[in-house]
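Structural characterization, general
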Amino acid sequence: MKALRMVALLVSVVLVAVVAWAVVRRATGPDRDGDPVAGCVGEQTRVSGVIGSEKSPYLNDPRVLARLSCLGLTLVVDSKGSRDMVNTLSNDAHPYDFAFPSSTSTAEKIQQLRGVNDTYKPFSSVMVVATWNPVVTLLKGAGVVTTVQDRPVVDVNALVELARKGTRWNQLKGNESSPNNKVVLLRTTDPKDSGSAIQFVSIASAALNGGRPVSSPADVAKVLPDMCRLMAYQGTKEETSQDLFEQYLSDKAVRSPIALIYEQQFLDSTSAITVPPDGEHVMLFPNPTVYARHTVVPFTDAGNQLGRALDSDEQLQNLAAEYGFRLDGQALTDRPEPPVVQEPPEYELLESMLLELEKNPSFDDTTGKCAK
C-alpha cells in the first residue's frame, strides 16, 4: 500500500510541477512583446520556507504559485515536523526566509529563537477526529461519543479510561466494523516528528489535567503516565499528518477506526486526495480540542512579503478557503464551532512531555508508568 501511495504521490508531484510551470508561465511570463503580464510584477524574488506538511497541498497548488509569482515571489518550501523545524532553525546558517508551523507554541519558540517580533496568521484549522458511521454508533454505546452543546463529540477522558482498562476494539459489544485486536485509541502521528502529534499532546494533557492546560512541571508529572500509555499502545505511528490522513482513507474502519487530523484535511475539496462524499466518513470534534493557528514567522524581507501576501491577498485567501482552512476574522457558515477549546501549553512544557515520550516509548503495565 505504501509503495502504491508513493508512486501515486510521485505522479502527482510531477503533474503538479508541470501544471505549475504552465500556469506560472501563462500568468507571469512575458507576452509577445517580452513584457510581464499586465498587473503582475516582472522581477521575481525567490522566497524559501519550512512548513508543516498539512499546508503542502495548498502551497504547491499551481494557482497559489501563479498568484505569488504575479506578486513577484517565487516560492520554494520544505516540509518538516515542528520539532525538526525548531532544530533546523537553531542553526544560524539555515537557508530559509520564513517558517510556517501549525502550532502556536512552536511559532513562539521560533520567534524566541530567531528574535522575531512580527508574525502573520493568515488562517487556522481545528483538530478533529476522522471516523466512520458504524464506529460512531459503536463508540456511543461505549460512552466515548457523547453530546456537548447539542453536538456529538469524542470524549478524550472516556478514551483514556478504555486505554487504562486495556479495552480492545474486538471487545466492544456489537463491533462488526473494526474488530481488530488493538486497544481502543485515537490514532495520531509520531510526537518526535509531527506537529499534529503536538496538538494531540495538548489535547490529551488538558483532558488529563481536569480540563486545563498543563502549566507546571508538577502538572506534567501527573499526566505523563497516561500520555505514555496513549502513545505506546498505538505501536508504529505515521510521521506526518498527511500520511495519517491517507492511511485513514485507505485502511478504512477496520484498521483506522478513529484518527486525529486537521479539519482542513477532511473539508479540503481541491487536493488530489480528498474525503469522498459517500456519507460513511464522519468528522467529530474531540472534547477538548485545540486550534492550529498557522503562523508565518519571517526572517527576511522576502519572508515578510510572503506573510503579507498570504494574510491579505484576496485570491490567496479564497484559495486557502478551498483547502478547508478557517480564514482569520471571517464568520463561517459552512461548519460549526467546536464546543470546547483549550489553549496549548507553553513550548517548554510541551517539549518536556515530548522528550519523555521520546525517551520512554513503551509503557510498563506492571508499574503503571513510562518504561525506562
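Let us look at the structure shown here. Source: prediction; values computed, not measured.

1. Focus: the overall build of the protein chain
Along the backbone of the protein chain there are 14 helices and 12 strands. Pairs at least 24 apart in sequence give 77% of the contacts found in the protein chain among residues at least 6 apart. Surface exposure of the protein chain reaches about 16800 Å², of which carbon and sulfur atoms provide 50%.

2. Looking at the side chain of Asp155
Mapped onto the elements, Asp155 comes out in strand E6 (residues 151-155). Buried and without a salt bridge, Asp155 has Arg164 as its closest oppositely charged side chain, separated by 10 Å. Among the polar contacts made by the side chain of Asp155, one reaches the main-chain amide nitrogen of Asn157 at a distance of 2.9 Å. Other than its neighbours up to four places away in sequence, Asp155 contacts Val144, Thr146 and Asn287.

3. A few points about the pattern of salt bridges
As enumerated under the stated definition, the model contains 16 salt bridges in all. For Arg83, the salt bridge goes to Glu351, with nearest N and O atoms at 3.3 Å. You can see Arg83 sitting in helix H4 (residues 82-89) and its partner Glu351 sitting in helix H14 (residues 347-359), a full 268 residues away along the chain. What makes Arg83 buried here is its relative accessible area of 7%. The partner of Glu161 in a salt bridge is Arg164, with the nearest N and O atoms 2.5 Å apart. One end of the pair is Glu161 and the other is Arg164, both in helix H7 (residues 156-165) and 3 residues apart, which spans about a single turn. By relative accessible area, which is 40% here, Arg164 ends up partly exposed. Where salt bridges share partners, they join Glu263, Arg326, Asp334, Arg335 and Glu337 into one cluster.

4. Let's talk about the packing of aromatic side chains
Tallied over the entire structure, the rule returns 6 aromatic pairs. Measuring from ring centre to ring centre gives 6.0 Å for Tyr58 and Phe325, while their planes differ by 65°; the resulting arrangement is edge-to-face. Highlighted residues: Tyr58 in helix H2 (residues 56-59) and Phe325 in the loop between helix H13 (314-322) and strand E10 (326-327), separated in sequence by 267 residues. With a relative accessible area of 1%, Tyr58 lands in the buried category.

5. Focus on helix H10 (residues 241-255)
Taking 1.5 Å per residue as the helical rise, H10 with its 15 residues ought to reach 21 Å, whereas the 17 Å between its terminal C-alpha atoms falls clearly short. Burial in H10 covers these residues: Ser241, Gln242, Leu244, Phe245, Glu246, Gln247, Tyr248, Leu249, Asp251 and Ala253.

6. Remarks on the state of the cysteines
Taken as a whole and assessed by the stated rule, the structure comprises 1 disulfide. Disulfide pairing is shown between Cys40 and Cys70; the S-S distance is 2.0 Å. The S-S bond linking Cys40 to Cys70 shows a torsion near -90°; that makes this disulfide left-handed. Of the two residues, Cys40 is situated in the loop between helix H1 (2-28) and strand E1 (45-51) and Cys70 in helix H3 (residues 62-70); the sequence distance between them amounts to 30 residues. Each member of the pair, Cys40 together with Cys70, is buried.

7. A word on the packing of helix H8 (residues 195-208) against helix H9 (residues 217-232)
Between H8 and H9, the shortest axis-to-axis distance is 10 Å and the interhelical angle comes to 130°. On the basis of their axis angle, the class for H8 and H9 is oblique. For the pair H8 and H9, the sense of crossing is right-handed. Residue-level contacts link Phe200, Val201, Ala204, Ser205 and Leu208 of H8 to Lys222, Val223, Asp226, Met227, Leu230 and Met231 of H9. Partitioning the contact of H8 with H9 into residue classes produces 8 nonpolar, 1 polar and 2 charged.

8. Describing the packing of helix H5 (residues 104-114) against H14
H14 packs onto H5 with a crossing angle of 110° between their chain directions and a minimal axis gap of 9 Å. Viewed along their axes, H5 and H14 adopt a mutual orientation that is roughly perpendicular. On the side of H5, the interface is formed by Ser105, Thr106, Lys109 and Gln112, while H14 contributes Tyr347, Glu348 and Leu350. Of the residues contributing to the contact of H5 with H14, the split by class is 2 nonpolar, 3 polar and 2 charged.

9. Focus on the pairing of E1
A large share of E1 lies buried, amounting to 5 of its 7 residues. Bridge count for E1 against strand E2 (residues 73-79) is 7 bridges, and the pairing is parallel. Following the sheet pairing, Ile51 is matched in E2 by Ser79. Across 3 bridges, the pairing between E1 and strand E3 (residues 98-100) is parallel. Looking across to E3, one finds that Val50 is bridged to Ala99.

10. Details of the nonpolar core
Core analysis: the largest hydrophobic core is formed by 68 residues, its most contacted members being Leu139, Trp169, Val201, Met227, Tyr248, Ile258 and Met353. With 8 residues, the single largest contributor to this core is H9. Excluding anything up to four places from it in sequence, Tyr248 contacts Ala130, Thr131, Trp132, Ser256, Ala259, Phe266, His281 and Val282. Counting residues in hydrophobic clusters, the runner-up holds 25 residues, among them Leu73, Phe100, Tyr120 and Leu319.

11. Quick word on the side chain of Asp61
Inspection of the secondary structure assignment puts Asp61 in the loop between H2 and H3. Among the polar contacts listed, one links the side chain of Asp61 to the backbone nitrogen of Arg63, at a separation of 2.7 Å. Polar side-chain contacts of Asp61 include one of 2.6 Å to the side chain of Tyr323. Residue contacts for Asp61: discarding those within four places in its chain leaves Thr270 and Tyr323.

Calculation criteria
- Residues numbered from 1 in each chain as written.
- Predicted model: local features only at pLDDT ≥ 70, side-chain atom pairs only at ≥ 80, totals over all residues.
- Heavy atoms only, no water.
- Helix = DSSP H or I, 4+ residues; strand = E, 2+ residues; numbered from the N terminus.
- Contact = heavy atoms within 4.5 Å.
- Areas by Shrake-Rupley, 256 points an atom, 1.4 Å probe, with all protein chains shown as cover.
- Buried < 20%, exposed > 50% of the residue type's maximum accessible area, 1.4 Å probe, protein only.
- Lys, Arg positive; Asp, Glu negative; His and termini not counted.
- Salt bridge = Lys/Arg side-chain N within 4 Å of Asp/Glu carboxyl O.
- Polar contact = N/O pair within 3.5 Å; in protein donor to acceptor, adjacent residues only side chain to side chain.
- Phe/Tyr/Trp six-rings, centres within 6.5 Å; stacked < 30°, edge-to-face > 60°.
- Expected span 1.5 Å × (residues − 1).
- Disulfide = S-S within 2.5 Å.
- Axes fitted to C-alpha atoms, helices over the stretch in contact; angles between N-to-C directions.
- Parallel < 35°, antiparallel > 145°, perpendicular 65-115°, else oblique.
- Left-handed = near helix turned anticlockwise from the far one by under 90°.
- Nonpolar A, V, L, I, M, F, W, Y, C, P; charged D, E, K, R; others polar.
- Pairing = 2+ DSSP bridges.
- Core = buried A, V, L, I, M, F, W, Y, C linked by side-chain atoms within 4.5 Å.

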